[in-house]
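Observations on chain architecture
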Amino acid sequence: MKFYVRTYGCQMNVEDSNEMGRHLKAKGLVETQNPDEASVFLVNTCTVRQHAEDRAFSELGRLKRWKAKGPGRKIVVTGCAAERTKEYLEDRFPFLDLVVGAKSIEDFPRMAERLLDRRDTDEELDYAVRAVDDKVAAFVTIMRGCNYSCTYCIVPSVRGREIYHSVEQILSEARERVREGAREITLLGQTVNSYRSGTARFADLLKAVATVEGVERVRFMSPHPYYMTDRVIETVAAVPQICESIHLPVQSGSNTMLKQMMRNYTREQYVLIIEKLRKAMPGTTLSTDIIVGFPGETDRDFRETLALIEEIQFDWGFIFKYSAREGTPAANLECLPQELIEERHQECLALMDRFAQEKRSRMAGATHEVLVEADNMGRTRTNYKVYITGNVAPGEEVRVRITNAQRPTLEGVIEDGNITFENFREESRSACTNRGQ
Ligand code: SAM
Ligand code: SF4
C-alpha cells in the first residue's frame, strides 16, 4: 500500500509531513511520488496567507476524482488550515476520510492507525518494511506553537502556545536521522531560539546537537531577533558544525510598523544584531522575511523597509504581500488597496533580488565545501544550492569551485583538497576584508 504527500507552507510543515510519513512507513506503507499509485493521499495544509489556503482547498476539490478512481482510496488532510477550518472542510468535502488539525499532530499515529484499520480492501498492509528516511539534510522539530502575538499572524491560534521537546528527545531524534543517513540537521521552531527545557536554553541545545556523532552541519529556522542574544551569537560563531547562514525575519524596516505588528524589537536593535553576527561569523549569509502592505503602512514606512534592505544588503529574502487572516488583531484594521500592495511588493522584490544577484555573482570562482544531498545537488555551508559536475554520492562533502553563479542554483566542479571549518572562516574573513565590509 502506498501513500503520497503534498505539503503546503513552511519548513515546519515539511517536517510535520516527514514525521507523519515516518508513522505511515512504520505501519508498512511505502511513499510514492506518483499519486496514481497511491492508496492514501495526504494533504498537509498551510493557512499563513489566504493564497496558500486557497491552493490547498482547490487541490482537495480535485481529489474527489482521484478517490473515485480506486476502491479503498483515502484522503487525509492535516496542518494549519485543517485546524482553522475543520468543520468547513468536512462539510464542503464530505469525501475526506480524516482531518487532523496542526494542534493534534501528536495524535496522528493513533488516528491514522484507526483509519488504516478501517480499510475496505485488504491490501498488503502487513509487509512491514523498516521505515527509512534517507534524507542527507534532515529537520528536527524542537518545539511546537508560538508564544508571540504578531498582529498579522494566525500561527499562534492554529498551532497553540509553545511546547518544547526535551533535549534528550531532540538528541535521540537527531541520532535516528543520522542512522538513516542524515549529515545535516536543521532545528525547527516558530521562534526556534526561544527554546527552553529545564535549565537548558537554545545555545545549550545547539552545542549538544553539534556533538551528536555523524552530525556535520547544524542549521536552525526561524530565530526571532528578540532571542538572538549575545550567548546565542557566540555559540553560533564558536561551534564548528553550525553553518554560516542565518535566516532572521525582520518583517519591516519601520519602527512604527514593527510596533503595530507587535514584533518586540526596533529597527536599530535588529541592525545591531546583524552587525554582531557579521563580526562574529565573517562570511555568513543573511536572509529575511518581509511583509509589505501591512494596514497603515505609509509610503514613508515602506521607504524605511527599502532603506533597511539597502543598509543590510541581505543575501536573499522572502517578500510577502500582507494577507488579512480572520481572527488576528490586524484583521480588524483597514487594508491598503490591493494595487498599492502589489506595487510595493514588486519594488521590494526587485531591490532584494538586485542584492541577491550581486552577492551571488561574487561566488563565481570561489571554492566551497558542498554537502551532496541528491542527484549531484548539494549546498554550501552558506546555504547556496549547487549543481556539481562530477562523480559524487549523497552524503559526501566535497570541495567545489563555483563555475556559474548566474542563477539561484549555482554550478560548480569538484576540486581536490579539504576545506576545514577554520580555513573556511579564514577565507571568508579575507574575502570580507577584500570587499571592504
Ligand atoms: N515564526 C517565524 C517568525 O516569526 O519569523 C515565521 C513564521 S511564518 C509561518 C513565515 C512568514 O510568513 C513570516 O515571517 C511572515 O513574513 C509571513 N507571514 C505571516 N503571516 C502573514 C500574513 N498574514 N500576511 C503575509 N505574510 C505573513
Ligand atoms: Fe507568527 Fe510572530 Fe509567532 Fe512568527 S513569532 S509564528 S510571525 S506570531
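The structure under discussion appears in the preceding block.
Summary of the structure given here. (Residues numbered from 1 in each chain as written. Chains lettered and ligands numbered in written order. Predicted model: local features only at pLDDT ≥ 70, side-chain atom pairs only at ≥ 80, totals over all residues. Heavy atoms only, no water.)

1. Notes on the overall build of the protein
Our working rule: Helix numbers and strand numbers start at the N terminus; a helix is a DSSP run of H or I with at least 4 residues, a strand a run of E with at least 2. We take the radius of gyration over the C-alpha atoms and set the globule estimate at 2.2 Å times the residue count to the 0.38 power. Working rule for contacts: check all heavy atoms of both residues, and any pair within 4.5 Å makes them a contact. When charges are tallied, Lys and Arg are placed among the positive residues and Asp and Glu among the negative ones, while His and the ends of the chain are skipped. To locate a charge, the coordinates of NZ of Lys, CZ of Arg, CG of Asp or CD of Glu are taken.
Within the protein, the secondary structure is distributed over 14 helices and 20 strands. Against the 2.2 N^0.38 benchmark of 22 Å for 437 residues, the protein shows a C-alpha radius of gyration of 22 Å, consistent with a compact globule. For the protein, the C-alpha atoms occupy an extent of roughly 70 × 55 × 45 Å along the three principal directions. The contacts in the protein between residues at least 6 apart in sequence include a share of 73% that link residues at least 24 apart. In the protein, 61 side chains carry a positive charge and 66 a negative one; their mean positions are 1 Å apart.

2. Some remarks on the sheet that holds strand β12 (residues 217–221)
We apply this condition: Pairing between two strands requires that DSSP report at least two bridges joining them. For every element, the axis is a line fit to its C-alpha atoms; helices are fit only across the contacting stretch, and the angle between N-to-C directions ranges from 0 to 180 degrees.
In spatial order, the strands read β6-β9-β12; together these 3 strands make up an open sheet with parallel pairing. Among the strands making up the open sheet, the edge pair consists of β6 (137–141) and β12. Recorded for the sheet is a direction-independent mean angle of 25° between the axes of neighbouring strands. The sheet contact formed by strand β9 (residues 184–188) and β12 spans 5 bridges and is parallel. The residue bridging E184 from the neighbouring strand is R217, located in β12. Running over the sheet, helix α7 (residues 167–179) touches β6 and β9 and is turned about 160° from β6.

3. Things to note about the site of ligand 2
Let me state the cut-off plainly: Nearness of a residue to a molecule or strand requires only that one of the residue's heavy atoms be within 4 Å of it. In this classification, the charged set is Asp, Glu, Lys and Arg, the nonpolar set is Ala, Val, Leu, Ile, Met, Phe, Trp, Tyr, Cys and Pro, and all remaining amino acids, among them Gly, are polar.
Neighbouring ligand 2 are the residues C146, Y148, C150, Y152, C153, V155, P156, Q190, T191 and R263. Of the residues that constitute the shell around ligand 2, the class distribution is 7 nonpolar, 2 polar and 1 charged.

4. Quick look at the pairing of strand β3 (residues 40–45)
Definition in use: Only protein chains enter the accessibility calculation, which uses a 1.4 Å probe; a residue whose area is less than 20% of its type maximum is buried, one above 50% is exposed, and one in between is partly exposed.
By the criterion of burial, β3 is predominantly enclosed, with 6 of the 6 residues buried. Two strands pair when backbone bridges link them, and strand β1 (residues 2–7) and β3 are joined in this way by 5 bridges, in the parallel orientation. Among the inter-strand pairings, R6 is bridged to a residue of β3, identified as V43. Pairing of β3 with strand β4 (residues 74–79) involves 6 bridges; the strand directions are parallel. Paired with V40 across the strands is K74, a residue of β4.

5. Some words on the sheet that holds strand β18 (residues 385–389)
Strand order around the closed barrel formed by 5 strands is β16-β17-β18-β20-β19, with mixed pairing between neighbours. For this sheet, the mean inter-axis angle between neighbouring strands, taken without regard to orientation, is 55°. Sheet topology note: the strand β19 (residues 397–404)/strand β20 (residues 410–415) ladder contains 5 bridges and is antiparallel. Considered in β20, the bridge of R401 is made with V413.

6. So, the site of ligand 1
Let me state the cut-off plainly: N or O atoms within 3.5 Å of each other form a polar contact, as long as, within protein, one can give a hydrogen and the other can take it, and as long as residues adjacent in sequence are counted only when both atoms are side-chain atoms. Note on areas: Shrake-Rupley, 1.4 Å probe, and residue coverage restricted to the protein chains presented here.
Around ligand 1, a shell composed of 14 residues is seen, among which R49, Q190, Q251, D289 and S323 lie nearest. Separating a nitrogen atom of ligand 1 from a backbone N or O atom of Y152 is a distance of 3.0 Å. In this structure, D289 approaches ligand 1 through a side-chain N or O atom, which is 2.7 Å from an oxygen atom. In the complex, 92% of the free accessible area of ligand 1, which totals 560 Å², lies under the protein chains. Those elements that place two or more of their residues in the shell around ligand 1 are β14 (285–292) and β15 (316–321). Taken together, the residues of the shell around ligand 1 break down into 6 nonpolar, 3 polar and 5 charged.

7. Quick notes on the packing of helix α12 (residues 299–312) against helix α13 (residues 338–361)
Quick note on the threshold: Note that the term roughly parallel is reserved for angles under 35 degrees, roughly antiparallel for angles over 145, roughly perpendicular for angles of 65 to 115, and oblique for everything else.
Put simply, α12 and α13 touch, their axes get as near as 10 Å, and they point 10° apart. Comparing the axis directions of α12 and α13 gives the class roughly parallel. Counting all contacts with α12, which are made through D299, F302, R303, T305, L306, I309 and E310, the residues of α13 involved are R344, E347, C348, L351, M352, R354 and F355. When its residues are assigned to classes, the contact of α12 with α13 shows 7 nonpolar, 1 polar and 6 charged.

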